[in-house]
Amino acid sequence: MARVTGPFCAALLKYTDGFTRPLPSVLTGAGIVAGMLLLSQAARTLPVGTAYGVWVGIGAAGAAVFGMAVLGEPATAARIFFVCLLLVAVVGLKATSGH
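If you're wondering where the values come from, they're calculated on a predicted model, not measured in any experiment.

Draft legend 1. Representation of the overall build of the protein chain within the structure. In terms of helices and strands, the protein chain carries four helices and zero strands. Listed by position from the N terminus, the elements making up the protein chain come as α-α-α-α. Referenced to the eigenvectors of the C-alpha coordinate spread, the extents of the protein chain come out at roughly 45 × 35 × 15 Å. Residues classed as buried in the protein chain amount to 27% of the 99 residues present. Looking at the protein chain alone, contacts between residues at least 24 apart form 53% of all its contacts between residues at least 6 apart. Accessible area for the protein chain stands at about 6200 Å²; split by element, carbon and sulfur atoms hold 75% of it.

Have a look at this one:
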């Protein structure tokens, strides 16, 4: 679930209209709280820098992929390359954390 909250919140944030629309605003807030709770759980067993780096990286990659796949954002070769590069960095960060 931790991997879903970042892209979920980023996608819903677009529909809150500055937090003036109740349902997307409540769902975004719930997603943010869930993401923080899950990050705090991960930080119990991983170094904070690793936990946060992985959390942010997966959220950023997920939001970019969601935007390209669902929201019609441009899916250029360069964007896809850099999302893949981001995922390689996340895997590398986790693999070298010593856990």
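Anyway, onward from the coordinates.
Draft legend 2. Quick look at the environment of cysteine 9. Counting through the fold element by element, cysteine 9 comes out in helix 1 (residues 2-15). Among the residues examined, cysteine 9 registers a relative accessible area of 10% and is labelled buried. Put simply, cysteine 9 and arginine 79 are 70 residues apart on the chain and 21 Å apart in space, counted from C-alpha to C-alpha. Among residues more than four places away in sequence, those in contact with cysteine 9 are Thr28, Gly31 and Ile32.

Draft legend 3. Representation of unusual backbone geometry within the structure. With a phi close to 55 degrees, aspartate 17 is a non-glycine residue in the positive phi region. One non-glycine residue, phenylalanine 19, lies in the positive phi region at around 60 degrees. Tracing the backbone shows phenylalanine 19 in the loop between helix 1 and helix 2 (22-45). According to the relative accessible area criterion, phenylalanine 19 is partly exposed, its value standing at 49%.

Draft legend 4. Focus on the packing of aromatic side chains. Taken as a whole and assessed by the stated rule, the structure comprises two aromatic pairs. Where tyrosine 52 meets tryptophan 55, the ring centres are 5.6 Å apart and the plane angle is 40 degrees; that geometry is what we call tilted. Note that tyrosine 52 and tryptophan 55 are positioned in helix 3 (residues 48-69) at a spacing of three residues, about one turn of the helix. The class of tyrosine 52 is partly exposed, set by a relative accessible area of 47%.

Draft legend 5. Here's a closer look at a nonpolar patch on the surface. Taken together, the side chains of Val48, Tyr52 and Val56 present a nonpolar region at the surface, about 290 Å² in accessible area. Mapped onto the secondary structure, valine 56 falls in helix 3.

Draft legend 6. Seen up close, the pattern of salt bridges. Applying the stated criterion to the full structure yields one salt bridge. Among the salt bridges present, the one from arginine 79 reaches glutamate 73, with a minimum N-O distance of 3.6 Å. Residue arginine 79 is classed as partly exposed on the basis of its relative accessible area, which comes to 29%.

What counts, and where the lines are drawn
Residues numbered from 1 in each chain as written. Predicted model: local features only at pLDDT ≥ 70, side-chain atom pairs only at ≥ 80, totals over all residues. Heavy atoms only, no water. Helix = DSSP H or I, 4+ residues; strand = E, 2+ residues; numbered from the N terminus. Buried < 20%, exposed > 50% of the residue type's maximum accessible area, 1.4 Å probe, protein only. Contact = heavy atoms within 4.5 Å. Areas by Shrake-Rupley, 256 points an atom, 1.4 Å probe, with all protein chains shown as cover. Phe/Tyr/Trp six-rings, centres within 6.5 Å; stacked < 30°, edge-to-face > 60°. Patch = residues over 30% accessible without salt bridge, like charges linked within 9 Å, V, L, I, M, F, W, Y side chains within 5 Å. Salt bridge = Lys/Arg side-chain N within 4 Å of Asp/Glu carboxyl O.

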